[in-house]
Amino acid sequence: MSFTPLHQHDDDSDREPTDREAFTPGIEPQATWCPGCGDFGVLKALKGAMGDLGYTPEEVLLVTGIGCSGKLSSYFESYGFHSIHGRSLPVARAAKLANPGLEVVAAGGDGDGYGIGGNHFIHTARENHDMTYIVFNNEIFGLTKGQTSPTSPMGHKSKTQPHGSAKAPIRPLSLSLVGGASYVARTAAVNPNQAQEILKEAIQHDGFAHVDFLTQCPTWNKDAKQYVPYVDVQQSDDYEFDHHDRREASEMMHDVEDALHEGEVLTGRFYHDPDRPSYQQEKREHGDVPEDPLAERYHDDDAEWERSYDLMDAHK
Ligand SMILES: Cc1ncc(C[n+]2csc(CCOP(=O)(O)OP(=O)(O)O)c2C)c(N)n1
Ligand code: SF4
């Protein structure tokens, strides 16, 4: 893969679609996801979205956490970093600052993103870092065999809560909006077409775009609502609200989050603020971004590498 120069792709408008198969690794590893897992739907939608938007693998960085969801970076051809549990966002933030020319996507599960990584989630939203964040929401810990997660509904029985969870589930959409995210959507693996369109919007959005992605886990969570048919609020006449209006979006999200555990799955774009400057924009406006950000400095200058090797030697 070649290096992506800084600021090369600030304007996406003149791109031609690329072959989505370019995002399939040359030697495709055997997927360890179970048959019927919703994670396959995320992979398909992400490849389709990147292809439709005209990206090539060397323009994209995918940072994942730990979990079944975290394996996404093994099956998607791009720059990739499989980080530690709950830490995809700080890694993604650092990478975006070092090389603003990369299209950065972070991904992980509900345990990864809303549990152990919950604090990073709130602060990345607050600071409006320019990236897409996909949370595979299967309402359990999948990789570690179905324990209760922050999105498991009240009463959900698992090995860690055998009598039923007494904890209220987190409200990821509302939390994201209150945190400060400038794009918030929910989609579902059972509808790859909607998922692909939502991901395209999220990737194009300049700021923190949070996509809560309902993914079924047929192995450990057969009760979840992720399997049931859903309603796309943008397509339905029953739901009218202005997704640019924070108050209306907030009320809508509240209803949607209540409805999920009552058996109605509502998906779509719930909030979009195209005017809020991203963290990267703010930094540029404050003159706070160096002329030659890290990625370019190291790429062009062997002396920088020598200096960093000397520094590492000095600390051995
Ligand atoms: C610091 C740390 N704590 C705990 C674990 C064990 N662990 C691995 S994956 C996981 C949860 C995965 O659940 P989720 O994030 O919802 O992803 P899924 O597997 O459902 O996609 C846990 C607790 C770990 N790897 N690292
Ligand atoms: S355990 Fe669940 S989430 Fe993990 S691969 Fe299997 S079906 Fe998917």
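Every chain's residues receive numbers from 1 upward, in the order its sequence appears when written. Just so you know, chain letters begin at A and ligand numbers begin at 1, following the order they were written in. Predicted model: local features are reported for residues with pLDDT of at least 70 only, side-chain atom pairs are reported and counted for 80 or more only, and whole-chain, interface and lining totals are derived from all residues. Side-chain figures throughout are based on the complete set of non-hydrogen atoms in the structure, without hydrogens or water.

K.L.:
In this structure, what is going on with the site of ligand 1? I would like to understand it.
P.N.:
Nearness is judged by heavy atoms alone; a residue qualifies as near a molecule or strand once a single heavy atom is within 4 Å of it. Residues in contact with ligand 1 amount to 16 residues; listed here are only the nearest, Cys68, Ser69, Asp112, Gly142 and Leu143. The contact in question runs from an oxygen atom of ligand 1 to an N or O atom on the side chain of serine 69, over 2.9 Å. Between an oxygen atom of ligand 1 and a main-chain N or O atom of aspartate 112, the distance comes to 2.7 Å. The Shrake-Rupley method, run with a 1.4 Å probe sphere, supplies the accessible areas, and residue values consider only the shown protein chains as cover. Coverage of ligand 1 by the protein chains reaches 72% of its 580 Å² of free accessible surface. Secondary structure elements are defined from DSSP: runs of H or I of at least 4 residues count as helices, runs of E of at least 2 residues count as strands, and each element is numbered from the N terminus. When residues of the shell around ligand 1 are traced back to their parent elements, those giving at least two are helix 4 (110–116) and strand 5 (140–141). Broken down by element, the shell around ligand 1 gets its largest block of residues, four residues, from helix 4. Any pair of N or O atoms that falls within 3.5 Å is considered a polar contact. Within protein, one atom must be able to donate a hydrogen and the other to accept it, and sequence-neighbouring residues count only if both atoms are side-chain atoms.

K.L.:
Would you explain the side chain of aspartate 112 in this entry?
P.N.:
Residue position: aspartate 112 is located in helix 4. Lacking a salt bridge, the buried aspartate 112 has arginine 87 as its closest oppositely charged neighbour, with an N-O distance of 7.3 Å. For aspartate 112, the side chain forms a polar contact with the main-chain nitrogen of glycine 86, separated by 2.7 Å. Non-local contacts of aspartate 112, meaning those with residues more than four positions away in its chain, are made with Gly65, Ile66, Ile84, His85, Gly86, Ser88 and Gly117. Exposure classes here rest on a 1.4 Å probe applied to the protein chains alone. A residue is buried below 20% of its type maximum, exposed above 50%, and partly exposed in between. A positive count includes Lys and Arg, and a negative count includes Asp and Glu. His and the chain ends are not counted in either. Here, a salt bridge means any Lys or Arg side-chain nitrogen found within 4 Å of an Asp or Glu carboxyl oxygen. Residues count as neighbours in contact if any of their non-hydrogen atoms are within 4.5 Å of one another.

K.L.:
Could you clarify how one ought to interpret the site of ligand 2 in this entry?
P.N.:
Contacts to ligand 2 come from Trp33, Cys34, Cys37, Cys68, Asn138, Gly142, Cys217, Pro218, Thr219 and Trp220. Residues are grouped as follows: Ala, Val, Leu, Ile, Met, Phe, Trp, Tyr, Cys and Pro are nonpolar; Asp, Glu, Lys and Arg are charged; all remaining types, including Gly, are polar. Tallied by class, the residues present in the shell around ligand 2 amount to seven nonpolar, three polar and no charged.

K.L.:
Looking at this structure, I do not really get the sheet that holds strand 9 (residues 230–232). What am I missing?
P.N.:
Two modes of strand pairing occur in sheets, parallel and antiparallel, and in both the strands are linked by backbone hydrogen bonds. If DSSP finds at least two bridges between two strands, the strands pair. Reading across the sheet, the eight strands line up as 2-1-3-4-8-7-10-9 and stay open at both edges, with mixed pairing between neighbours. Of all strands in the sheet, those with a lone pairing partner are strand 2 (79–82) and strand 9, marking the two edges. Between one strand and the next, the sheet's axes are offset by a mean angle of 20 degrees, whatever the strand orientation. Judged from the six bridges that link them, strand 7 (residues 183–188) and strand 8 (residues 208–214) form a sheet pairing that is parallel. Among the inter-strand pairings, valine 184 is bridged to a residue of strand 8, identified as histidine 210. Throughout, an axis means a line fitted to C-alpha atoms (over the contacting stretch in the case of helices), and angles, computed between N-to-C directions, take values from 0 to 180 degrees. Sheet strands touched by helix 1 (residues 39–52): strand 1 (60–64), strand 3 (103–109), strand 4 (131–137) and strand 8. Its angle to strand 4, the strand with the most contacts, is close to 160 degrees. Contacts between helix 6 (residues 172–179) and the sheet are confined to strand 4, strand 7, strand 8 and strand 10 (265–272), with strand 7 contributing the most and set at about 165 degrees to the helix.

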